[in-house]
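A look at the structure
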Amino acid sequence: MDIIIRTSRLQRKAIQNALLFYIHLQNTNFALAFKRLAKNGFIDSEAALNDGYKENALKMQEYVLQKTDKSEEGQKTFKKKKKTVEKWLNTICDTVFPSYEESEENKDEILLYVPDVTEEELYILKDVLEFYMRIALGQWDEFTNSISPFLLSRLDDVKPYYTYRDQIFNIYNRNGHYDMASSFGIGSKKLQEGVRRCYEMEHEILNQLEIAPYCGIYSMKWANDSERMPGVCLEAKYLFQYDGDKEKAIRQLDDMSLQKKHYSSSINKNCLSPYRIFSDQPDILYLPIRNQNGVLYEPLEKGMYVYQKRNGYYVISKYKIKNVMDQYPAENKDIYK
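Residues numbered from 1 in each chain as written. Predicted model: local features only at pLDDT ≥ 70, side-chain atom pairs only at ≥ 80, totals over all residues. Heavy atoms only, no water.

**Describing the packing of helix 4 (residues 53-67) against helix 7 (residues 159-168)**
Two numbers describe how helix 4 lies on helix 7: the axes approach to 9 Å, and their chain directions differ by 160 degrees. The angle between helix 4 and helix 7 falls in the class roughly antiparallel. For the element pair helix 4 and helix 7, the recorded crossing hand is left-handed. Across the interface between the two elements, Tyr53, Asn56, Ala57, Lys59, Met60, Tyr63, Val64 and Lys67 of helix 4 pack against Pro160, Tyr161, Tyr164, Gln167 and Ile168 of helix 7. In terms of residue class, the contact of helix 4 with helix 7 is made up of 9 nonpolar, 2 polar and 2 charged. (Axes fitted to C-alpha atoms, helices over the stretch in contact; angles between N-to-C directions. Helix = DSSP H or I, 4+ residues; strand = E, 2+ residues; numbered from the N terminus. Parallel < 35°, antiparallel > 145°, perpendicular 65-115°, else oblique. Left-handed = near helix turned anticlockwise from the far one by under 90°. Contact = heavy atoms within 4.5 Å. Nonpolar A, V, L, I, M, F, W, Y, C, P; charged D, E, K, R; others polar.)

**Section: the side chain of glutamate 200**
Relative to the elements of secondary structure, glutamate 200 occurs in helix 8 (residues 193-209). Filtering out sequence-adjacent residues up to four positions away, glutamate 200 remains in contact with Gln11, Met220, Lys221, Trp222, Ala223, Met229 and Pro230.

**Things to note about the confidence of the model for the protein**
As a note on interpretation, predicted positions should not be read in detail where pLDDT is low. Confidence along the protein averages 84 in pLDDT terms, with 82% of residues attaining 70 or more. Considering only residues more than four positions removed or in separate chains, one finds that residues 95-106, a stretch of pLDDT under 50, has 26 contacts. Confidence drops under pLDDT 50 across residues 265-270; counting only partners more than four residues distant or on other chains, this segment forms 2 contacts. (pLDDT = per-residue confidence, 0-100.)

**Notes on the sheet that holds strand 2 (residues 109-114)**
Ordered in space as 2-1-3, the 3 strands form an open sheet in which the pairing is antiparallel. A single partner strand is all that each edge strand has here, and the edge strands are strand 2 and strand 3 (231-234). Pairs of neighbouring strands in the sheet enclose a mean axial angle of 15 degrees, with direction left out of account. Two elements, strand 1 (residues 3-8) and strand 2, share 6 bridges in a ladder whose sense is antiparallel. (Pairing = 2+ DSSP bridges.)

What follows is the structure, given as structure tokens:
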């Protein structure tokens, strides 16, 4: 699928830092990875690392390498993931698609057009951003989880990872984080805004890929800045052109609702409705869309084309959408007139 990623320069820098941190670990240069995390993750970056962090980073590196999956299949999976992460770094750094004129307040934003992206590759980008954010928070048991750069056992003892954490960094110990399970919150004043920008992008990717109830959670602003949330636009699937027959459209929408196929009947059906009819306008169907303003309901007019995104929300347009470049302004008509 083809996608568009909208970021500010600061958001793109944060994503680059997360990707480089991940790549340093995959290249078994833990000392460089943790130096990057200290510089870009914490307000007090100069004091974040212990004096002997390089030696302890090497010890942790040796420990992790002993735990990695050394089977042929495991190494094949590792190399594939590593190649994907490097591809994303090149994409985020180099692929600029200046398609739409930005408003004055958003002149710092750029659009990245990325063709032929697989769902797996998007999930890997999400994993990189989540891993970077969680390690910055101090949740070092994530080294044993699926978002880790390495294939480690989920049953592995997590205590050594926290021991290494406190041998490499003193930022946690100096703030009263002495027990194994302690960590910062995403709103901590000890963190740089780049960590929160990664969290925003990770949520945006996940919320575009995952099917969510219409009353569910969508991406939230966490970074303390005036920038818009980063945006991701995935190709939507064509459903039908509305011919004005409301009952026919209702049957089509009921049959095609991703929410009803995905969630059990025990969930509030009003929450999952693929459309709404308001009492003061009984002849008009309203479809749920999701944009920078949150979740809205937009009226469906005769002749409009209806598309459905992977998360279950709709894109409706007066014109046929040929590709993601057409879809992006259709989704963001409140931004791009």
